[in-house]
Amino acid sequence: MKHFKFLFFLLLLTIATSAQTSEQHLRKHVEYLASDKLEGRRTGEPGAVDAAKYIEKEFAKYKLKPGQQLTHGATYTQGFPYIAGVELGKGNSLVIGEKKLEVGVNWMPLGYSMNADFPATGVVFAGFGIIAPEANYDDYKGLDVKDKIVLVFDSTPDAGNPHSPFVRFNIHTKANIAKDKGAKAIILIAEDPDFKNDRLSKLSYDRTLGETAIPVAGITRTVGAQLLDLSDAETLRGVEDFLSTTRDKSTPGNLQQNDPAAKGANRPVGNTEVRPSASVAVKIDLVKKQVTASNVIGILPGTDPQLKDEAIVIGAHYDHLGHGGSGSLAANSTDIHHGADDNASGTSAVLELARNFAKEKKNKRTLIFMAFSGEEEGLLGSKFYVNNAAYPLDKTIAMINLDMVGRLNGNKLTVGGVGTAAEWNEAVKRRNDIMFDNDSGYGVGKKFQLQLNEDGFGPSDHSSFYGKNIPVLFFFTGTHNDYHKPSDTFEKINYEGLTRIVDYVGQIAKAIDENPTKPTYAVAKSSGQMGQVRMSVSLGTIPNYADSTDGMIIDG
């Protein structure tokens, strides 16, 4: 009996020592990745390059095989093209009649516009530039805009009303409509009377949506009034207000057409005669700053003769928001957004899992450890990988994703994607019971309170794999008040909780690996809806990604 107790004591001591070592490794990784030196790891910037080099060095230390085989050798990095931003070229001009406007002062090409060079071209005013059949609304009804430039307000009817049927009409959508109608370009009239404060004056690039379908430029309200032959910007406001408040659904787009033969040349709006009175010549010359971003891939070959050709991907994104800007929830902040939880925590977990599996070398299937870039810009790295896979996707049987796993609170752990394979639900619950509900030494009384979500789509890189019919699991400890702010720093990480999550995910990965039968892919509940909805934070709110009910629960 004494001998048994001594062996059990040694077992507990070994587990405790191993956990302590693991926690030390995790802390080291998070502290470096979330340090000031890396400046927030914005994709395409030096901090992200240094982060990739760090991950690559760790993979090499664990003796993982480089994931990218090239003609001139092998490398851990998989480069993909990334537009870091845009700048004005030397040839931008917009001329109304004989008057040349000053770029950056009273007009600006949009950063995600196509380049263009049009001679003097006729202009057609199309209200807000919207066609919404569900609202019986059509700004283009009765208009001939073929080979013309369309002039519209950069706003919508019911602007500011989240329940408006027009809320979905962003600039890209308006450009698509104009192109479908045959227009050559679209000019947007700014909303703010002070152009330098208006979004149209900011030369920014939308990496998620990419270029607009046709060239797009913004103009001041004063120039808009001149183009419409109105007396001043105040009269222009009256036109916009009238279009916003008058709902005569029997007329085209609420812009009443006087003479059908005129095809929109003269259109009375309220008591104001609106006549685009001049042609416009436009040249847009934007220079895109393209750099190479990198995924980092390390491969641990399988040992089983029958199973080694199948692969399991274990991944996390390492990029974050740099000094703020797009995606930040700290208004106007240029401080370093450290991204300790999002997602130095997930990256450190992947590194520790890679170290543990490489140390044992008992995996039957091939394990692919991946650190993705460009996640914050729209899952760019994982999307590129699944379309340019380093290992055949038809041999990839599962993908495990860790994103924001550093703030375990009350033992609540969200596991998404449990509906993407028939075996996931039971496997996830069973491992939780085995590890934390007995005397194994893993931590009695520390059983996770699992919050299970069936959907395979969600706001992280596992979505790219599920879109290719690969079963996925997504681990997440929840949002918090530091989300996408400079205050997401390394000292706020729950390292003991992160260590337990690494152990838990490792046990699940082992269970998948050791099972001779690969997971059975399934279409998860609500996947159809989630796959069609673009999720974004537009009200400064943080949605609860663990929730799968109708509507949306707000975390913060």
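Residues numbered from 1 in each chain as written. Predicted model: local features only at pLDDT ≥ 70, side-chain atom pairs only at ≥ 80, totals over all residues. Heavy atoms only, no water.

Visitor: Can you walk me through the overall build of the protein in this structure?
Guide: Scanning the protein for helices and strands turns up eleven helices and 24 strands. Residue burial in the protein is summarised as follows: out of 556 residues, 51% are buried. Here the contacts in the protein between residues at least 6 apart in sequence split such that 80% fall between residues at least 24 apart. Total accessible area on the protein is roughly 24600 Å²; 50% of this is exposed by carbon and sulfur atoms. (Helix = DSSP H or I, 4+ residues; strand = E, 2+ residues; numbered from the N terminus. Buried < 20%, exposed > 50% of the residue type's maximum accessible area, 1.4 Å probe, protein only. Contact = heavy atoms within 4.5 Å. Areas by Shrake-Rupley, 256 points an atom, 1.4 Å probe, with all protein chains shown as cover.)

Visitor: What is the right way to look at the packing of helix 6 (residues 340-360) against helix 10 (residues 495-514) in this model?
Guide: Where helix 6 meets helix 10, the closest approach of the two axes is 10 Å, and the angle between their N-to-C directions is 50 degrees. The pairing of helix 6 with helix 10 is recorded here as oblique in orientation. Between helix 6 and helix 10 the crossing geometry is right-handed. Of the residues in helix 10, those in contact with Ser-345, Ser-348, Ala-349, Glu-352, Leu-353, Asn-356, Phe-357 and Glu-360 of helix 6 are Leu-498, Val-502, Val-505, Gly-506, Ala-509 and Lys-510. Broken down by class, the residue content of the contact of helix 6 with helix 10 amounts to seven nonpolar, four polar and three charged. (Axes fitted to C-alpha atoms, helices over the stretch in contact; angles between N-to-C directions. Parallel < 35°, antiparallel > 145°, perpendicular 65-115°, else oblique. Left-handed = near helix turned anticlockwise from the far one by under 90°. Nonpolar A, V, L, I, M, F, W, Y, C, P; charged D, E, K, R; others polar.)

Visitor: Quick question: what am I supposed to make of unusual backbone geometry here?
Guide: Generally, phi is negative for residues other than glycine and the peptide bonds are trans, each holding for most cases. Here the bond from Asp-342 into Asn-343 is cis, since omega is 5 degrees, no more than 30 degrees from zero. At Leu-379, a position not held by glycine, the phi torsion is positive, near 60 degrees.

Visitor: How should the sheet that holds strand 5 (residues 93-96) be read in this particular structure?
Guide: The strands making up a sheet associate through hydrogen bonds between their backbones, and the pairing can be parallel or antiparallel. Taken together, four strands build an open sheet; the order of strands is 6-5-17-8 and the sheet is antiparallel. Only two strands of the sheet have a single partner each, and these edge strands are strand 6 (99-100) and strand 8 (116-121). Across four bridges, strand 5 lies against strand 17 (residues 280-284) in antiparallel orientation. By the bridge assignment, Ile-96 is partnered in strand 17 with Val-280. (Pairing = 2+ DSSP bridges.)

Visitor: Help me out: how do you make sense of helix 10 in this one?
Guide: Taking 1.5 Å per residue, 20 residues should reach 28 Å; helix 10 reaches 28 Å between its end C-alpha atoms and fits that length. Along helix 10, 15 of the 20 residues are buried, which leaves the element largely enclosed by surrounding structure. (Expected span 1.5 Å × (residues − 1).)

Visitor: Please explain the environment of His-323 as it appears in this structure.
Guide: Mapping His-323 onto the fold places it in the loop between strand 19 (311-317) and helix 6. Given a relative accessible area of 34%, His-323 falls into the partly exposed group. Non-local contacts of His-323, meaning those with residues more than four positions away in its chain, are made with Glu-39, Ser-333, Thr-334, Asp-335, Ile-336 and His-337.

Visitor: Honestly, empty space enclosed by the protein in this entry has me stumped. Any pointers?
Guide: Summary: where empty space remains is shown by rolling a probe the size of a single water molecule over the atoms. Enumeration over the complete set of coordinates arrives at one cavity of 30 Å³ or more. What the largest cavity holds in volume is close to 50 Å³. Taken together, Leu-94, Ile-149, Ala-185, Ile-186, Ile-187, Pro-215, Val-216, Ala-217, Val-282 and Ile-284 make up the full set of residues lining the largest cavity. Where the lining of the largest cavity is concerned, the elements lending two or more residues are strand 13 (185-189), strand 14 (216-219) and strand 17. The class makeup of the residues in the lining of the largest cavity is ten nonpolar, no polar and no charged. (1 Å grid on protein atoms, 1.4 Å probe; cavity = no way out; pocket = protein on both sides within 12 Å on 5 of 7 lines; lining within 4 Å. Points joined across faces, edges and corners; volume = space filled by probe spheres on them.)

Visitor: How should the sheet that holds strand 9 (residues 123-125) be read in this particular structure?
Guide: An order of 7-14-13-12-9 is seen for the five strands of this open sheet, with the pairing classed as mixed. The open sheet has two edge strands with one neighbour each: strand 7 (107-109) and strand 9. Taken over all neighbouring pairs, the strand axes of this sheet differ in orientation by 25 degrees on average, direction set aside. Relative to strand 12 (residues 149-153), strand 9 is paired through three bridges, and the arrangement is parallel. Bridging from a neighbouring strand, Val-123 pairs with Ile-149 of strand 12. Of the strands in this sheet, strand 12, strand 13 and strand 14 are in contact with helix 3 (residues 171-180), which crosses strand 13 at around 140 degrees.

Visitor: Please explain the confidence of the model for the protein as it appears in this structure.
Guide: Predicted coordinates in regions of low pLDDT should not be interpreted in detail. Taken residue by residue, the protein gives an average pLDDT of 86. The fraction at 70 or more is 83%. Counted against residues more than four places away or in other chains, residues 248-266, with its pLDDT under 50, gives 45 contacts. (pLDDT = per-residue confidence, 0-100.)

Visitor: What is the right way to read the packing of aromatic side chains from this model?
Guide: The geometry of an aromatic ring pair is captured by the separation of the ring centres together with the interplanar angle, meaning the angle of the planes. For the coordinates displayed, the defined rule picks out 14 aromatic pairs. Note on Phe-448 and Tyr-504: the rings are 5.2 Å apart at their centroids and 50 degrees apart in plane angle, and the pair reads as tilted. One end of the pair, Phe-448, is in the loop between helix 8 (424-436) and strand 23 (449-453); the other, Tyr-504, is in helix 10, with 56 residues separating them in the sequence. As far as burial versus exposure is concerned, Phe-448 and Tyr-504 are alike and both buried. Both rings, one in Phe-457 and one in Tyr-466, keep their centres 5.1 Å apart while their planes meet at 70 degrees; by these two values the pair is edge-to-face. (Phe/Tyr/Trp six-rings, centres within 6.5 Å; stacked < 30°, edge-to-face > 60°.)

Visitor: Even after reading the chapter, I still don't get the pairing of strand 21 (residues 396-402), so can you show me in this structure?
Guide: Sheet faces and side chains relate simply in a regular strand, where the side chains alternate between the two faces. The buried count for strand 21 comes to seven of seven residues, which makes it a mostly enclosed element. Of the strand pairs in this sheet, strand 19 and strand 21 are connected by five bridges, and their pairing is parallel. Following the sheet pairing, Ile-314 is matched in strand 21 by Ile-400. Bridge count between strand 21 and strand 24 (residues 472-476): four bridges; the pairing is parallel. When the bridges of strand 24 are listed, Ile-400 appears paired with Leu-473.

Visitor: I'm lost on the pairing of strand 18 (residues 286-300) in this one. Help?
Guide: In this structure, strand 1 (residues 65-66) lies alongside strand 18, joined through two bridges in antiparallel fashion. Of the residues in strand 18, the one forming a bridge with Lys-65 is Ile-299. In the sheet, strand 18 pairs with strand 20 (residues 366-372) via five bridges, with the strands oriented antiparallel. For Leu-300, the partnering residue across the bridge sits in strand 20 and is Leu-367.

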